[in-house]
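The primary structure of each chain is shown beneath.
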Amino acid sequence: MIVSNIPFILILLIPGTAALLYGERNDQISVAAGIILVVTCISIYWMVPASPDFFVNHVSWVFLLMISAVYLLSASYSLKYMGEKPSGISRKTFFLLLNLFTVSMLFSIEVNNYGLMWVGIEATTIASALLIMSERSAESLEATWRYIIIVSAGVAFAFISIILIYYQFGTLSVTQILSMNRAPGLVTRIIVSVALIGFGTKIGIFPVHTWLPDAHSEAPAPVSAMFSGVLLPSALYVLYRIYEIDPFRELFIWFAVVSIIFSSIMLSNQRMFKRMFAYSTMENMNIALIGFAILTPASIAGALILLLSHSLSKAGAFYSSGNIMKTFDTKEVGDVHGLMTTDPGTGASLLLSSLGVTGAPPFGTFFGEILIFYSMLEYHLTVEFSLVLVFVALSFIAINYNVSRMLSGDSVRSSCSSSLRYIALISSAIPIALGIAFLGVIGSVIT
Amino acid sequence: MIITSLVYLLSALVLITAFYVQGQRYIVSMIRGQFFQSILIASISFLLAWLERSTDLVILGILLIVLRGIIVTILLERRVPDRKHYIFEDNVNVPYLFIIDLIFIVVSVFIIYSLAFSSLVPDYSFLGSSDLLFPLLLFFQGIFLITSRKSTITQVIGYIEEENSLVLFALFLLPIPVIIEASVFLDVLALVIISVIVNKEKPVHEVMEALRG
């Protein structure tokens, strides 16, 4: 392992610099920053930070990688998608906020301090709120407001857990607290329970998820991709770090199971495809939460591969949704027919991404779910496992049925730009490669 | 002894400002209620700074006055003359909301307090663990204000009340490092600025068909 601070500082500086270079060319600068960021994130796999201000291990690395990958894809997609003059905010401001949003997520993952993690998560709300209203419709303004007030009120509640961590341990350093190995007590139970409800607002845990379908459906496609693909996992990462203090397994798993049941039922009844994908995100985040809550190497590996594959598949699903909205000018499943004949590229990306987000083999999400389900059975969580299996199957059927309706039939329309199609297709296809690559190591993870 | 009695008195006044805000239909009165609340919490911070000889608490008090007391109040009040919706909140049945508010906060605070917080003994304890009832009551007042009103400015004030309760909670239990507290204050300030920008065009929030389900 190489010990150095420079790459970890660079990870924050790259999108930070792109944000500072506010001007006519900041769109292209953002794409260049995305490429450099992905390369830097891959290279730090073999490094550990020298400074105690950073805490990056292999778990954090997966989160950094997924944030940088989805940032690159969303910046590239936005080049064409956002047009020259978005109605809500200017193109320059859009890319400025996209970069600040990325910096705040990366900061939350890298920093070795629970208090600053909270600050980073709250900063993501500030940076991303105006991105939702880029299209300036009455619905997008309302969705923005709901996002601001519900998430801020919820994350403020999570601050109680930060105060209690300081009260209990006298420090907010993640590494110091985790190395103390204190016996669980009432205070640590309150800490993780309050964090579950507080950060759960951002992650999409029932019943504090209500902003999620609105913001996802009204934000522009590249922003929805960032929300689903990386914002919710960033909050989940912070919750996971707090959960490590005192694993309150029963509470976390039951909240996740109820959230999966709720999201499956809701997504089965959706008329709008973006809202359907938003509920699917809620379902996947809660499956990953079960993985982290079980806290075995297999379940954590399952949660990580699920989140990584989901981030790209879901980004692909939202890019495909953006293409469909440009072609068909609707968000309703029932108004879209013959996508495979009208726009085969977008049709293929939508099909691949919907299979990816529902956990079909050989996508990485499938192997992630298998590992988590295996860990649930290993822990004799039979009732929870049965419920999750039934409702995951329901989501699989509902999403793929709706997508097949959109793909089939005849329709004659002019399709969207080819670059938008390619980005959606690339994003949807990578999780297959991830799944196949993971096949090679799955045996060693389980044993 | 005198200082702890003063802290107790000021904490009670903080709660009175929360009830005052809850009982208002005029937006300016609510904003000023929030201003007094922030000043009262800053005063508690100064008193505890005197008691503990802590410069961190002095900085915290100054931050409260400058960021939350002055800047947030100016930002919110500047919106009032521009729009009719910002002067007076329509369709608000204050006596009814007041009764519901009382029931809500008494039930929720005492359930949560007795289940979780009753065993925590704050640093500056003047009533034992019951000190924490003040911030908890304020927190749920803020939540109730957000959920019971439809005007943007009122909901922002509810959120600020919630944040004020966290400052009070940290002050009583164990003040967290001032650098973290300052970052939190700046976050909240930025959020208030964004709220003001977003809601130039949407002062009132109703149910929308496209956002159902």
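Residues numbered from 1 in each chain as written. Chains lettered and ligands numbered in written order. Predicted model: local features only at pLDDT ≥ 70, side-chain atom pairs only at ≥ 80, totals over all residues.

Examining the overall build of chain A
Each helix and strand counted, chain A has 19 helices and two strands in total. When the backbone C-alpha atoms are referred to their principal axes, chain A occupies close to 65 × 50 × 45 Å. Buried residues in chain A amount to 61% of all 447 residues. (Helix = DSSP H or I, 4+ residues; strand = E, 2+ residues; numbered from the N terminus. Buried ≥ 20, exposed ≤ 12 C-beta atoms within 10 Å, placed from the backbone.)

Topic: the overall build of chain B
Assigned secondary structure in chain B consists of seven helices and zero strands. Rg of the C-alpha trace for chain B: 17 Å, near the compact-globule value of 17 Å for 213 residues, within the 12% margin. Per-residue burial over chain B gives 44% buried out of 213 residues. Sequence separation of 24 or more characterises 72% of the internal contacts of chain B that already satisfy a separation of 6 or more. (Rg over C-alpha atoms; globule rule 2.2 N^0.38 Å. Contact = placed C-beta atoms within 7 Å.)

Points about unusual backbone geometry
Pro207 of chain A follows Phe206 of chain A through a cis peptide bond whose omega is 5°. Residue placement: Pro207 of chain A occurs in the loop between α8 (186-203) and α9 (211-218). Backbone torsion omega between Pro361 of chain A and Pro362 of chain A reads 5°, so that peptide bond is classified as cis. Note that Pro362 of chain A resides in the loop between α15 (344-357) and α16 (364-378). Phi angles above zero are rare outside glycine, and His380 of chain A is one such case at about 60°. Tracing the backbone shows His380 of chain A in the loop between α16 and α17 (382-407). Within the chain, Arg53 of chain B stands out as a residue other than glycine whose phi angle is a positive 55°. You can see Arg53 of chain B is positioned in the loop between α2 (27-52) and α3 (55-77).

Focus on the interface of chain B and chain A
On the side of chain A, 34 residues touch chain B, which itself brings 33 residues to the contact. Those elements that provide at least two residues to the side of chain B that touches chain A are α5 (133-148), α6 (152-173) and α7 (178-198) of chain B. Among the residues forming the side of chain B that touches chain A, the class breakdown is 20 nonpolar, eight polar and five charged. (Nonpolar A, V, L, I, M, F, W, Y, C, P; charged D, E, K, R; others polar.)

Describing the packing of helix α10 (residues 221-243) of chain A against helix α13 (residues 297-328) of chain A
Residue and element names in this part refer to chain A. Two elements in contact, α10 and α13, have axes whose closest approach is 8 Å; the angle formed by their N-to-C orientations is 165°. As far as their axial angle goes, α13 and α10 are roughly antiparallel. Viewed along their axes, α10 and α13 form a crossing whose handedness is right-handed. Where α10 abuts α13, its residues Ala221, Ser224, Ala225, Ser228, Gly229, Val230 and Pro233 lie against Leu307, Ser311, Lys314, Ala315, Phe318, Tyr319, Ser321 and Gly322. For the contact of α10 with α13, the per-class residue count stands at eight nonpolar, six polar and one charged. (Axes fitted to C-alpha atoms, helices over the stretch in contact; angles between N-to-C directions. Parallel < 35°, antiparallel > 145°, perpendicular 65-115°, else oblique. Left-handed = near helix turned anticlockwise from the far one by under 90°.)

Comments concerning the confidence of the model for chain A
Across chain A, the average pLDDT comes to 92, with 97% of residues at or above 70. Model confidence for chain A, summarised as mean pLDDT per element, is weakest for helix α19 (residues 442-446) of chain A at 63 and strongest for helix α12 (residues 273-294) of chain A at 97. (pLDDT = per-residue confidence, 0-100.)

Section: the nonpolar core
Residues Val70, Ile163, Leu236 and Leu239 of chain A are the most contacted members of the largest nonpolar core, which totals 231 residues. When sequence neighbours within four positions are dropped, the list of residues in contact with Leu236 of chain A reads Ile203, Met285, Ala288 and Leu289 of chain A. (Core = buried A, V, L, I, M, F, W, Y, C linked by C-beta atoms within 7 Å.)

Observations regarding the confidence of the model for chain B
With 92% of its residues at a pLDDT of 70 or more, chain B has an overall mean of 84. Both confidence scores are given for the complex: pTM 0.94, ipTM 0.90.

Considerations on the packing of α13 of chain A against helix α18 (residues 418-439) of chain A
All names here are of chain A. Put simply, α13 and α18 touch, their axes get as near as 8 Å, and they point 160° apart. Judged on the interaxial angle alone, α18 and α13 are roughly antiparallel. Relative to α18, α13 is oriented so that their crossing is left-handed. Contacts between α13 and α18 involve Ile305, Leu308, Ser309, Leu312, Ser313, Ala315, Gly316, Tyr319, Ser320, Gly322 and Asn323 from the former and Leu420, Arg421, Ile423, Ala424, Ser427, Ser428, Ile430, Pro431, Leu434, Gly435 and Phe438 from the latter. Among the residues forming the contact of α13 with α18, the class breakdown is 12 nonpolar, nine polar and one charged.

Describing α5 of chain B
For an α-helix the count is 3.6 residues per turn, leaving residues at separations of three or four pointing the same way. A rise of 1.5 Å per residue sets the reference length of α5 of chain B, with its 16 residues, at 22 Å; its end C-alpha atoms lie 22 Å apart and thus fit the reference within 8%. Burial of α5 of chain B is extensive: 13 of the 16 residues sit out of reach of the surface. (Expected span 1.5 Å × (residues − 1).)

What about the environment of Ser130 of chain B?
Following the sequence through the fold, Ser130 of chain B ends up in the loop between α4 (94-115) and α5. Spatially, the C-alpha atom of Ser130 of chain B lies 33 Å from that of Ser151 of chain B, the residues being 21 residues apart in sequence.

What about helix α1 (residues 2-22) of chain B?
The terminal C-alpha atoms of α1 of chain B lie 30 Å apart, and with 21 residues this matches the ideal 30 Å at 1.5 Å per residue to within 8%. Looking at the packing, one finds that the buried side of α1 of chain B touches α2, α4, α5 and α6 of chain B.

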